[in-house]
Amino acid sequence: MLRPVLCCLGLLWAGVAFARDDVTLPAECIFIVKGTDVIRGDCLTDGIGSGGAFAIASPDGQYRARVRVRAPGVGEAFWNGVAFAETADVPLGAVVLIGACWASDKAKLCVAH
């Protein structure tokens, strides 16, 4: 009886882990929302993907953000919006790539390894 329960719990845990941004690489980040520093300095990232897409998190997991690339130099930014929420799914809107950062009038996201 215990084996089916453990199996189902394992599948549930796998779904939760997949839903979270897989941010495990140490990096340096800047994440600003409406002029307020959310993350500045040490962070975790998933690396910089195709076209410059990435996900970041504060070391304590309090805040998360990600950029999804729509076209070269144009993307959309998201964050968790509430401390310790596990997914960055609150829209920050369109962002453009300026140097090493994605930015708009609402947010700025930068990551360096």
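Quick note: structure is the one above.
Residues numbered from 1 in each chain as written. Predicted model: local features only at pLDDT ≥ 70, side-chain atom pairs only at ≥ 80, totals over all residues. Heavy atoms only, no water.

Engineer: Account for the pairing of strand 2 (residues 36-45), with residues named and values stated.
Structural biologist: Relative to strand 2, strand 1 (residues 25-33) is paired through nine bridges, and the arrangement is antiparallel. If you follow Ile-30 over to strand 2, its bridge partner there is Arg-40. Turn length for the strand 1-strand 2 hairpin, with the two strands adjacent in sequence and antiparallel, is two residues, and the turn residue Lys-34 shows positive phi of about 50 degrees. (Pairing = 2+ DSSP bridges. Helix = DSSP H or I, 4+ residues; strand = E, 2+ residues; numbered from the N terminus.)

Engineer: Go over the sheet that holds strand 2 with me, naming the residues and quoting the values.
Structural biologist: As summarised here, the arrangement of the eight strands in space is 1-2-3-4-5-6-7-8, forming a closed barrel in which the pairing is antiparallel. Looking at each pair of strands side by side, their axes are set apart by 30 degrees on average, direction ignored. The pairing of strand 3 (residues 54-57) with strand 4 (residues 64-71) spans four bridges and is classified as antiparallel. Its bridge partner lying in strand 4, Ile-56 is registered against Ala-65. (Axes fitted to C-alpha atoms, helices over the stretch in contact; angles between N-to-C directions.)

Engineer: Could you give an account of the pairing of strand 8 (residues 107-112), with specific residues and numbers?
Structural biologist: Where strand 1 lies against strand 8, six bridges are found, and the strand directions are antiparallel. Within strand 8, the position partnered with Cys-29 by the bridge is Val-111. Pairing geometry for strand 7 (residues 101-103) and strand 8, over three bridges, is antiparallel. Along strand 8, the bridge assignment pairs Trp-102 with Leu-109. From the end of strand 7 to the start of strand 8, which pair antiparallel, there are three residues.

Engineer: Which residues make up the nonpolar core, and what values do they have?
Structural biologist: With 18 residues, the main nonpolar core has Phe-31, Phe-54, Ile-56, Leu-92 and Leu-109 as its most contacted residues. At the level of elements, strand 1, strand 2, strand 3, strand 4, strand 5 (74-79), strand 6 (90-98) and strand 8 are the ones that each hand at least two residues to this core. Broken down by element, this core gets its largest block of residues, four residues, from strand 1. Setting aside anything within four residues of it in sequence, one finds Phe-54 in contact with Thr-45, Asp-46, Gly-47, Ile-48, Ala-65, Arg-66, Val-67, Trp-102, Leu-109, Cys-110 and Val-111. (Core = buried A, V, L, I, M, F, W, Y, C linked by side-chain atoms within 4.5 Å. Buried < 20%, exposed > 50% of the residue type's maximum accessible area, 1.4 Å probe, protein only. Contact = heavy atoms within 4.5 Å.)

Engineer: I'd like to hear about the side chain of Asn-80, residue by residue, with values.
Structural biologist: With respect to the element layout, Asn-80 can be found in the loop between strand 5 and strand 6. Within the local environment of Asn-80, its side chain forms a polar contact with the backbone oxygen of Ala-85, the two atoms lying 3.0 Å apart. Beyond its immediate chain neighbours, meaning those up to four positions away, Asn-80 contacts Gln-62, Tyr-63, Arg-64, Ala-85, Thr-87, Ala-88 and Val-90. (Polar contact = N/O pair within 3.5 Å; in protein donor to acceptor, adjacent residues only side chain to side chain.)

Engineer: How would you sum up unusual backbone geometry? Please name residues and give values.
Structural biologist: Phi is positive for Lys-34, close to 50 degrees, though the residue is something other than glycine. For Lys-34, a relative accessible area of 69% translates into the label exposed. Residue Phe-84 is not a glycine yet carries a positive backbone phi of 70 degrees. Tracing the backbone through its elements, the reader meets Phe-84 in the loop between strand 5 and strand 6.

Coordinates in, geometry out; function isn't part of it.
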